[in-house]
Amino acid sequence: MAEYEAAIGLEVHAQLLTKSKMFCSCSADYAGAEPNTRVCPVCLGMPGMLPVINRKAVEFTIMTGMALHCQIPAHTKWDRKNYPYPDLPKGYQISQYDLPLAINGYLAFDVEGERKRVGIRRVHLEEDTGRLYHVEEASLVDFNRSGVPLMEIVSEPDIRSPEEAREYLVQLRMILRYLGVSTADMEAGAFRCDANISVRRQGEEVLGVPVEVKNMNSFRAVKLALEYELVRQSVLLTRGEPIERETRGWVSSENRTVSQRSKEEAHDYRYFPEPDLPPLEVAPAWVAEIGERIPELPEAKRQRFVRDYELSAYDAGVLTADRDIAGFYEQAVEIGTVGETEITPKVISNWVTGELFRLMKEENAGIESVNFSPTALVGLIRLVQQGLINANAGKSVLDEMFRTGQSPEQIVEAKGLAQISEVHALASVIRQVLDDNPKPVREYLEGKKQALGFLVGQVMRATRGKANPKVVNRLLQEALRERS
Ligand SMILES: [Zn+2]
């Protein structure tokens, strides 16, 4: 199949995290709500009801467009996309046809060691539909989702492989989460992806016939479905058979795509300007104001972490994949720089990406449910660095902090984990050990250096393992020197 290459364009629908719906004041938070309890005459499509634009949804869409390097045209408008379906009470969806809120941007990222840049054709705003569900023989419809703001991000067919497609989605989801415009939760249906894939011979300029693929419910499904299509279409081309312009659905249980229907064209929807809404004028001052609200984005943060904290690209990548984790880490770094023992950003990174991530993964917990502060984490690392507890004890203290939210000092105290490193506490133990073991002492003084190991062992035993071996070693040598 190496002689064929794919041209893939992705359409992502992301539900926006607004309080209310796109054109009415119903709550947009419908998860877990009883069917048809988040509805009003507007989102039920009652005749004569007038839509009112959700300003926040427009701002979120403009913000996303700006983060994707798009132009934000001054004049946009709303259009009706007409099609009959039981989950669409009005018989049309309010969308944007020829004048979207954002156009001509790009998303750049690294994939398989190379820099990739995918054009963004448009970002526009529309309303979600209701949801059909089935109980035994009956088909029921829930309109709670009807009218929830939905942002559509359409890429150019610049993606060349299923792996690039997956990475594009990973990066896009990260940006939406950083912006706080969407949960981008794919399983909850807040981030949905359709793909257009055409296959052509390597080096050919003209795109092949595009096939639309739907029903992909995970990043993995997107990758598998596109891999399947790449092979299927390549085989048809090799045989000289035509590729149908159609919509296919991914059937994950069978690991294949199946034909659903011939692809509809834009004219099938009879788009026309929405008569109930005026055109939307986007003032430059408004755009500038929205731009100021854009936070540092994942890629810039990742590069800064590598530069300022001397982290590997990999560590910087995992720490910045989630904005809140990056924030937790940066607070810890700041706290680590003050105080008698400086904790380096690298050491903090090791604790976060190692032990803390392990605990979070075991409990399937996000950083928001970690119930200790960056200060407490730094406090723990400091106890280890000062030699008050050893690294293993440090890990079990972190376990306990994770479970109980207690401070590291409390836990160390309660468990009697502190290493006896204070010189005065150890001095008498060492004196006793040397008095009790004249033979190894004599051997050591005669030049048999291995005897030291035995004496260290005796001190550790006498302190029930709580002493810091490094400190014991040093103090023992000093005491032996005095006896020579
Ligand atoms: Zn409503």
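Owing to the predicted nature of the structure, the values given are computational and were not obtained by experimental measurement.

Novice: If you had to explain the overall build of the chain to someone new, which residues and values would you point to?
Specialist: Helices and strands together make up the secondary structure of the chain, namely 15 helices and 15 strands. Here the chain has a C-alpha radius of gyration of 31 Å; the compact-globule value for 484 residues is 23 Å, and the former is much larger. Based on the C-alpha atoms only, the size of the chain along its principal axes is roughly 100 × 55 × 55 Å. A burial count over the chain gives 37% of its 484 residues as buried. Looking at the chain alone, contacts between residues at least 24 apart form 68% of all its contacts between residues at least 6 apart.

Novice: Account for the nonpolar core, with residues named and values stated.
Specialist: Among the nonpolar cores identified, the biggest contains 66 residues, and Ala14, Ala165 and Ala195 are the most heavily contacted of them. Among the elements that line this core, the one with the most residues is helix 2 (residues 162-179), at 9 residues. Setting aside residues no more than four positions away along its own chain, Ala14 makes contact with Met151, Ile153, Leu176, Ser182, Ala184, Ala190 and Phe191. Counting 34 residues, the second largest nonpolar core, distinct from the first, contains Leu377, Leu388, Ile411 and Leu417.

Novice: Tell me about the sheet that holds strand 4 (residues 92-95), residues and numbers included.
Specialist: Taken together, the 3 strands give an open sheet; going across it, the order is 4-3-14, and neighbouring strands pair in antiparallel fashion. Among the strands making up the open sheet, the edge pair consists of strand 4 and strand 14 (272-273). The pairing of strand 3 (residues 79-82) with strand 14 spans 2 bridges and is classified as antiparallel. Looking across to strand 14, one finds that Arg80 is bridged to Phe272.

Novice: Go over the packing of helix 9 (residues 374-385) against helix 10 (residues 391-404), please, and point to the residues and values.
Specialist: Each pair of packed helices gets described by two things: the angle between the helix axes and the distance between those axes. Where helix 9 meets helix 10, the axes come as close as 9 Å, and the angle between the chain directions of the two elements is 160°. Judged on the interaxial angle alone, helix 10 and helix 9 are roughly antiparallel. For helix 9 against helix 10, the interelement crossing comes out right-handed. Here Ala376, Leu380, Leu383 and Val384 of helix 9 come into contact with helix 10, specifically with Ala391, Gly394, Val397, Leu398 and Met401.

Novice: Before we move on, can you summarise helix 5 (residues 298-309) with the specific residues and values?
Specialist: An α-helical segment advances 3.6 residues per turn. Residues three or four places apart therefore align on the same side. Taking 1.5 Å of rise per residue, the 12 residues of helix 5 would be expected to cover 16 Å, and the 16 Å separating its terminal C-alpha atoms lies within 8% of that figure. Packed against the buried residues of helix 5 are helix 2, helix 6 (313-320) and helix 7 (323-337). At the C-terminal side of helix 5, Glu310 shows a positive phi close to 55°.

Rules used in this analysis
Residues numbered from 1 in each chain as written. Predicted model: local features only at pLDDT ≥ 70, side-chain atom pairs only at ≥ 80, totals over all residues. Helix = DSSP H or I, 4+ residues; strand = E, 2+ residues; numbered from the N terminus. Rg over C-alpha atoms; globule rule 2.2 N^0.38 Å. Buried ≥ 20, exposed ≤ 12 C-beta atoms within 10 Å, placed from the backbone. Contact = placed C-beta atoms within 7 Å. Core = buried A, V, L, I, M, F, W, Y, C linked by C-beta atoms within 7 Å. Pairing = 2+ DSSP bridges. Axes fitted to C-alpha atoms, helices over the stretch in contact; angles between N-to-C directions. Parallel < 35°, antiparallel > 145°, perpendicular 65-115°, else oblique. Left-handed = near helix turned anticlockwise from the far one by under 90°. Expected span 1.5 Å × (residues − 1).

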